[in-house]
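# Report on the structure
Given next are the chains, with one letter for each unit.
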2 protein chains.
Amino acid sequence: MAATLRDVADRAQVSVRTVSNVVSGYEHVSEKMRQRVQRAIDELGYIPNPVARTLRTGKTGLLSLVVPEIDVPYFSQLAREVIDAAGHLGFQVMIDQTGHDHERERQLLRGGGRRNLFDGMLFASLATRDELRDVNPARSSPLILLGEHLFDRRFDHVAIDNVVAAHDATSHLLDRGRTRIAAIGAQPKESYATPLQRTEGFRKALRERGLGPVNALQRTAAHYGRADGYAAATSLLRKSPRPDAMFCYSDLLAMGAIRAVFDAGLRVPEDVAIIGIDDIEEGRYSRPSLSTVSLDTPFIARTAVSRLAARIEDPSLAAEEFIAPHTLIARESTENR
Amino acid sequence: MAATLRDVADRAQVSVRTVSNVVSGYEHVSEKMRQRVQRAIDELGYIPNPVARTLRTGKTGLLSLVVPEIDVPYFSQLAREVIDAAGHLGFQVMIDQTGHDHERERQLLRGGGRRNLFDGMLFASLATRDELRDVNPARSSPLILLGEHLFDRRFDHVAIDNVVAAHDATSHLLDRGRTRIAAIGAQPKESYATPLQRTEGFRKALRERGLGPVNALQRTAAHYGRADGYAAATSLLRKSPRPDAMFCYSDLLAMGAIRAVFDAGLRVPEDVAIIGIDDIEEGRYSRPSLSTVSLDTPFIARTAVSRLAARIEDPSLAAEEFIAPHTLIARESTENR
DNA sequence: TTGTACGCGTTATCAG
DNA sequence: CTGATAACGCGTACAA
């Protein structure tokens, strides 16, 4: 059915080598030869078979992006940037979801069960220290960690400074005159880096202003979704005296929290100020619009993809860490009363 | 470096044929043999090379999902379901974005420039009649169209009944006593099926209640995003008398419209009722929560993936059309005044 | 039930 | 600059 390199060679009366040269744009081919071959290619409608090429070269041109759930706005935004950045470098992207399942994460880190169909992997899902420890950087396929995993320095790693980001968000609430500040997003089992660091930044900011321990005003959230934020905020509002501000570890948590405040008959920001982290577009249109810490997703995506490409070229590269910039964005949800 | 089938065969003192049988779970292998081979496999840490297997079998186990932008909630939710459904059938999913670029759509429909690295494609982006006409179903790789393209019956097609959905949404607004109903989402150039059908359903519902032509209350929207909804709604509110309801062709348009109404100093639903289509999670937490037409995304994803799998098995299948169910969901944004 | 040998479509090596 | 030919790793018809 489909024409092969050999078919073209036969038709053009040349060797497959010559055809291959023309197809892959090899320099030293006479113009005459090139035209003759090109004509045969066009006549037969020949298209190179990427699988055969891959078998020979060992490169598929495929990257794998692993996220917990692609329909979480932060991750779909990241995916968008990653796919674009990868495209510019000639890669296509396949997506895997872990669904917060540890076993699945472990499995994907080992290369998806089978030997990889991809040249490298961007891992943006959670992973505990233990799961990473099982992975041997020297033997596994090229891997870049995104946003987490500060524990393990054997891997390339693109992230933000979570301690500072959380500190900035909390300080912003303090600057607005809030004093009973709650935090939503610590993990039930503290095994991940990001929530730990955000909690650290949160507490640090409070300490700097002479505010004591705040365990009673902290709430865990398993999945950083709207429902988690809603539940946590509802629980916090039952306390007396109730908090006058909430720092949410993700914008999605914040969206849930905002709704919870209103369902409790209170107002944002008048009664409770709310700030998140991520800067998803949703927060720019919500009522009130959401104050947040904006992460430079394009930077993260570009850095991760180009670093992965470099590591595919040279797997012996020493592991490096890249910190993406973040900016505090004040919107309506933390305005002064 | 990596062990091959032949390495295992040498080590187990058997032929490659036998090893291959064991690996691919062939029935008729003696238990003794199986164990001997399995031991060699484990010792060498052998993993089959999917590329070589693909070259031989012609199947990559990869599906391509094409969307306009993955970070649009409707599409990321669809992607989530598609990836899950594909996983159950042993497929992985790569994602391509068209970014509303016609040339790119055309290119992807032709198989991404190169011959396909995937077994089949789910096309959920827009495409005009012309773009599809260039594609020959018999020669291209297996293709399923999602949600659009009712023009062309040469392809498998999974969609909802857009005319009825739009009719339901509009009727809901009429049932709530609204009389000056606007519509946001027609296309500047009417080349796509979905907006045309929604406009048809919209007008049909108005006609049934004896309401005349409404061109003055229709607004186009190029990309169905929040910004488009905001701009269109703002423009509509300047009319006098102003509309008392807006039917948005997507939930995202509706989110932008809600914000626009409030920025204009008016209230939803008291002054303007708003309804969308899609049922994205965002609309369940927004203020007011968003009335909408819920599409059965899991059904769409499962149907599309299993149909694609079937078509990969048997490319000669006759094209078929699948209609996914939809349900009207009334929330706060269309409550009675 | 198992072994041998060939082909899948490329790229790379080595002559010429 | 171009031709012949050997890999790449696996599946399978054919033979035993």
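Residues numbered from 1 in each chain as written. Chains lettered and ligands numbered in written order. Predicted model: local features only at pLDDT ≥ 70, side-chain atom pairs only at ≥ 80, totals over all residues. Heavy atoms only, no water.

## Comments concerning the overall build of chain A
The secondary structure content of chain A amounts to 13 helices and 12 strands. The C-alpha atoms of chain A give a radius of gyration of 26 Å, which is well past the 20 Å a tight globule of 337 residues would have. Across its three principal axes, chain A shows a C-alpha extent of roughly 90 × 40 × 30 Å. Expressed as a percentage of contacts within chain A between residues at least 6 apart in sequence, the contacts between residues at least 24 apart total 71%. Surface summary for chain A: the accessible area is close to 14600 Å², and the carbon and sulfur share equals 48%. Charge centroids of chain A, computed over 44 positive and 44 negative side chains, lie 2 Å from each other. (Helix = DSSP H or I, 4+ residues; strand = E, 2+ residues; numbered from the N terminus. Rg over C-alpha atoms; globule rule 2.2 N^0.38 Å. Contact = heavy atoms within 4.5 Å. Areas by Shrake-Rupley, 256 points an atom, 1.4 Å probe, with all protein chains shown as cover. Lys, Arg positive; Asp, Glu negative; His and termini not counted. Charge placed at Lys NZ, Arg CZ, Asp CG, Glu CD.)

## A word on the domain arrangement of chain A
The domains assigned to chain A are domain 1 (5-57), domain 2 (62-160 + 296-326) and domain 3 (162-295 + 328-334). Each of domain 1 of chain A and domain 2 of chain A has a C-alpha centre, and these two points are 36 Å apart. (Domains from an automatic or database assignment.)

## Focus on the protein's contact with DNA strand D
In the vicinity of DNA strand D, 22 residues are found, and the nearest of them are T18 and R56 of chain A together with L5, Y46 and R53 of chain B. In DNA strand D, atoms within 4 Å of the protein come 62% from sugar and phosphate. For DNA strand D, a phosphate oxygen lies 2.5 Å from a polar atom in the backbone of L5 of chain B. Contacts to DNA strand D include Y46 of chain B, whose side-chain N or O atom sits 2.5 Å from a phosphate oxygen. Sorting the residues of the surface near DNA strand D by element identifies α2 (16-23) and α4 (50-57) of chain A together with α2 (16-23) and α4 (50-57) of chain B as the ones contributing at least two each. (Near = heavy atom within 4 Å. Polar contact = N/O pair within 3.5 Å; in protein donor to acceptor, adjacent residues only side chain to side chain.)

## Here's the deal with the interface of chain A and chain B
Each partner contributes to the interface: chain A provides 47 residues, whereas chain B provides 47 residues. Taken together, the two surfaces of chain A and chain B that pack against each other cover about 4800 Å², and 56% of this comes from carbon and sulfur. Counting across the chain A and chain B interface gives 8 salt bridges. A salt bridge links E69 of chain A to R80 of chain B; its shortest N-O distance comes to 3.1 Å. Where chain A meets chain B, there are 20 residue pairs in polar contact (both at pLDDT 80 or more). Among the elements of the structure, α4, α5 (73-88), β2 (92-97), α10 (226-237), α11 (251-263) and α12 (282-285) of chain A are those that each provide at least two residues to the side of chain A that touches chain B. Tallied by class, the residues present in the side of chain A that touches chain B amount to 21 nonpolar, 13 polar and 13 charged. (Buried area = accessible area lost by both parts, 1.4 Å probe. Salt bridge = Lys/Arg side-chain N within 4 Å of Asp/Glu carboxyl O. Nonpolar A, V, L, I, M, F, W, Y, C, P; charged D, E, K, R; others polar.)

## Description of the packing of α5 of chain A against helix α13 (residues 297-313) of chain A
Residue and element names in this part refer to chain A. Between α5 and α13, whose axes approach to 8 Å, the crossing angle comes to 45°. Considered as vectors, α5 and α13 are oriented oblique to each other. Note that α5 runs across α13; the crossing there is right-handed. Contacts from Y74, Q77, L78, E81, V82, A85 and A86 in α5 reach T297, P298, I300, A301, R302 and V305 in α13. Of the residues that constitute the contact of α5 with α13, the class distribution is 9 nonpolar, 2 polar and 2 charged. (Axes fitted to C-alpha atoms, helices over the stretch in contact; angles between N-to-C directions. Parallel < 35°, antiparallel > 145°, perpendicular 65-115°, else oblique. Left-handed = near helix turned anticlockwise from the far one by under 90°.)

## Considerations on unusual backbone geometry
Following V268 of chain A, the chain continues into P269 of chain A via a peptide bond in cis, with omega recorded as 5°. Mapping P269 of chain A onto the fold places it in the loop between α11 and β9 (273-278). P241 of chain B follows S240 of chain B through a cis peptide bond whose omega is 0°. Structurally, P241 of chain B is set in the loop between α10 (226-237) and β8 (245-248). A positive phi angle, close to 60°, is found at Q13 of chain B, a residue other than glycine. Mapped onto the fold, Q13 of chain B is located in the loop between α1 (5-12) and α2. Accessibility expressed as a relative area gives 65% for Q13 of chain B, which makes it exposed. Unusually for a residue other than glycine, D278 of chain B sits at a positive phi of about 135°. Owing to a relative accessible area of 11%, D278 of chain B belongs among the buried residues under this scheme. (Buried < 20%, exposed > 50% of the residue type's maximum accessible area, 1.4 Å probe, protein only.)

## Focus on the protein's contact with DNA strand C
In the neighbourhood of DNA strand C, 24 residues make up the surrounding shell, with L5, Y46 and R53 of chain A together with T18 and R56 of chain B lying closest. For DNA strand C, the backbone makes up 62% of the atoms found within 4 Å of the protein, where backbone means sugar plus phosphate. In the environment of DNA strand C, a base oxygen lies 3.0 Å from a nitrogen or oxygen atom belonging to the side chain of R17 of chain A. Within the side chain of S20 of chain A, one N or O atom sits 2.8 Å away from a phosphate oxygen of DNA strand C. Where the surface near DNA strand C is concerned, the elements lending two or more residues are α2 and α4 of chain A together with α2 and α4 of chain B. The leading source of residues in the surface near DNA strand C is α4 of chain A, at 5 residues.

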